[in-house]
Every structure is written in C-alpha cells, then in structure tokens.
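Reading the structure
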Amino acid sequence: MSIVLTSIHIYPVKSCAALTLSSADVQARGLAHDRRWMVVDADGRFITGRKHPRMTLIQVTAADDDSVRIAAPGMTGIALAPAAPDAPRIDARIWSDAVSARVADAHTDEWISEFLGVPARFVFMDEAAGRAVDPEHARAGDEVSFADGYPLLLVGQTSLDGLNARLEGPLPMTRFRPNLVVDGATAHAEDGWRRLRIGSVEFDGVKPCVRCVFTTVDPANGEVDPSGEPLRTLATYRRDEKGITFGQNLIARGTGTIVPGDAVEILD
C-alpha cells in the first residue's frame with residue numbers, strides 16, 4: 001500500500017490552536033508561519049500549554065506574512081503584528097536557547113496577560129532571529145522556529161489508530177500537534193525513517209519525538225485530561241530509555257510546496 005500525506009497543520013502561535021492547510025511552503029525552519037510567534041513571561045521566558053492549558057483555546061483565524069489574527073473565549077479578537085523593525089528586541093528564552101526576538105504592539109501584551117491571568121507578552125521570530133537545532137541531531141546551519149526542538153513533526157495515522165485501540169475512548173490527532181499526518185504505513189513505521197520525500201521535498205528523520213504532559217491537554221476545552229491519557233497508556237508500550245515517544249521529528253533538506261495527497265517515499 002502506498003504512503004500518502006493526508007493533512008498539514010501549523011501552529012502560528014506556539015501552544016495555541018492549529019491551522020489546517022490545503023498546502024504549505026516548506027522552509028528551512030519548518031513550514032511557513034509555523035511557530036513564528038511565542039508567548040513569554042515578564043522575564044522573557046517562554047510560556048506554553050504545559051502550565052497554561054487555556055492557551056490551546058486561542059484560535060488563529062488567519063496568517064498573512066508576519067501578522068496573524070487571534071481570538072479566544074471571552075476576548076475580543078485582535079490583530080497580532082510585530083513592532084517596527086527598528087524597535088527594541090528582547091532576548092526570548094526557550095529551553096536553553098536565547099533568541100533575539102521582535103516584540104508586538106503593547107496592546108497585545110495587555111490582551112494575552114488578561115487571558116492568561118499573568119504578565120505576558122508576544123514575541124516574533126523574524127529572519128534575523130536565528131535559533132540552531134541541537135547539533136547532536138542536525139547539520140551545521142540547521143535552524144528551527146519556536147518549536148520545542150525540531151522544524152517539523154510527522155505522525156502516522158496508523159500509530160494513532162493503534163493507540164486508540166488501547167484506550168477506553170479514542171483521542172483525536174490534535175492531542176499530538178503534528179505538522180504532517182501520513183497514512184498507509186504500519187503503526188510507528190515512522191520511527192525508523194531516516195530519509196523521505198514528500199511530493200518533491202526531501203526530509204531527514206532525526207529522532208522519535210519524546211512526549212510530555214502537553215499531550216494530556218484537551219484542546220477542545222483547554223483543560224488537562226484527569227485520566228492522564230494518552231501518556232498513561234503510551235507508557236505501557238512506547239517507553240524507552242529516552243522517554244515516551246510518538247511521532248518522528250524532521251528537518252527539511254530542501255524547499256517547496258506540499259499538499260495533502262502527495263506521495264511519501266521512504267528513501268532510507
């Protein structure tokens with residue numbers, strides 16, 4: 001059976017809701033517009049849905065170049081755009097990385113602070129804001145957006161099907177926040193993919209994705225699942241010395257446009 005790309009997703013603001021796309025431009029840092037925005041605290045440290053699960057309720061209704069429009073329950077929708085290029089930057093901290101990021105207009109800081117109930121602000125990664133991929137799993141010069149560690153995440157539909165067969169109730173793919181969903185391979189076959197081509201674009205598979213408590217957040221209500229799923233069940237068959245894994249991290253080795261229905265060819 002052939003393997004095909006079935007859906008494409010981006011997360012313009014890190015930890016917020018996904019946009020599902022009919023096509024996507026593959027760039028060096030990942031898909032265009034994916035995780036170019038991030039929320040930080042008063043000290044510039046990144047804020048995610050791990051501690052603030054309500055972030056998943058923030059919907060991005062449009063992404064156009066550097067700007068996005070966002071909305072959330074109980075909040076008036078606003079346009080989110082980076083401040084002028086000559087405005088002061090801040091050092092945004094994500095894990096152990098410091099990124100010289102552009103800030104947004106002050107009124108957006110008030111918006112996100114009100115929604116989260118803590119002082120917060122938005123920052124933007126433009127072309128001048130570089131962030132290297134972990135050199136242990138990358139080539140010199142590889143870059144990543146505000147994603148946790150790698151430019152793209154791919155998950156096989158059959159991998160989710162295998163998990164759902166073990167659960168009391170099925171979970172949607174949105175729990176795992178993939179960029180690319182493929183179908184036609186055996187469950188977790190993506191673990192071993194080292195080189196692949198989707199459409200005309202080649203990718204390296206660099207390492208299976210270690211999953212965290214964010215997978216227990218239900219994006220439909222912005223709350224942590226009290227059952228502890230899916231981590232509780234995944235731990236029974238997907239745990240190794242590095243943690244609980246689900247999906248494969250990718251680095252693009254070219255640029256181009258991909259669309260659902262593109263063939264996925266495993267090169268190595």
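For the structure, see preceding data.
Here we summarise the structure given alongside this text. (Residues numbered from 1 in each chain as written. Predicted model: local features only at pLDDT ≥ 70, side-chain atom pairs only at ≥ 80, totals over all residues. Heavy atoms only, no water.)

So, about the overall build of the protein. Within the protein one finds three helices and 22 strands. Against the 2.2 N^0.38 benchmark of 18 Å for 268 residues, the protein shows a C-alpha radius of gyration of 18 Å, consistent with a compact globule. In terms of its C-alpha atoms, the protein occupies a principal-axis envelope of roughly 50 × 40 × 35 Å. The buried share among the 268 residues of the protein stands at 52%. The long-range fraction of contacts in the protein, counting pairs at least 24 apart against all pairs at least 6 apart in sequence, stands at 69%. By element, 50% of the accessible surface of the protein is carried by carbon and sulfur atoms, the whole surface being about 11700 Å². Once the 28 positive and 37 negative side-chain charges of the protein are each reduced to a mean point, those two points are 4 Å apart. (Helix = DSSP H or I, 4+ residues; strand = E, 2+ residues; numbered from the N terminus. Rg over C-alpha atoms; globule rule 2.2 N^0.38 Å. Buried < 20%, exposed > 50% of the residue type's maximum accessible area, 1.4 Å probe, protein only. Contact = heavy atoms within 4.5 Å. Areas by Shrake-Rupley, 256 points an atom, 1.4 Å probe, with all protein chains shown as cover. Lys, Arg positive; Asp, Glu negative; His and termini not counted. Charge placed at Lys NZ, Arg CZ, Asp CG, Glu CD.)

Time to look at unusual backbone geometry. One can expect most non-glycine residues to show negative phi and most peptide bonds to be in trans. A cis geometry characterises the amide bond from E229 onward to P230, with omega recorded as 10°. Position of P230 among the secondary structure elements: in the loop between β18 (223-224) and α3 (231-234). One non-glycine residue with positive phi stands out, namely S15, at about 80°. Examined against the element boundaries, S15 turns out to sit in the loop between β1 (3-10) and β2 (19-21). For W95, which is not glycine, the phi dihedral falls at a positive 55°. Tracing the chain through its elements places W95 in the loop between β10 (90-94) and β11 (97-103).

The grouping of D64, D65, D66 and E127 at the surface amounts to a negative patch. Structurally, D66 can be placed in the loop between β7 (59-64) and β8 (67-72). Overall, D66 belongs to the partly exposed group, its relative accessible area being 35%. (Patch = residues over 30% accessible without salt bridge, like charges linked within 9 Å, V, L, I, M, F, W, Y side chains within 5 Å. Salt bridge = Lys/Arg side-chain N within 4 Å of Asp/Glu carboxyl O.)

For the structure on display, the rule yields one cavity of 30 Å³ or more. For the largest cavity, the calculated volume is near 40 Å³. Around the largest cavity sit T56, T174, R175, R177, F214, V217 and P219, which together line it. (1 Å grid on protein atoms, 1.4 Å probe; cavity = no way out; pocket = protein on both sides within 12 Å on 5 of 7 lines; lining within 4 Å. Points joined across faces, edges and corners; volume = space filled by probe spheres on them.)

In this section: the sheet that holds strand β5 (residues 37-41). Ordered in space as β6-β5-β12-β11-β10, the five strands form an open sheet in which the pairing is antiparallel. Edge positions in the sheet fall to β6 (46-47) and β10, since each of these pairs with one other strand and no more. When β11 meets strand β12 (residues 120-124), the two strands line up antiparallel, connected through two bridges. What sits directly across from R102, in β12, is F124. Each of β5, β6 and β12 is contacted by helix α1 (residues 106-116), which is oriented at about 130° to β12, the strand it contacts most. (Pairing = 2+ DSSP bridges. Axes fitted to C-alpha atoms, helices over the stretch in contact; angles between N-to-C directions.)

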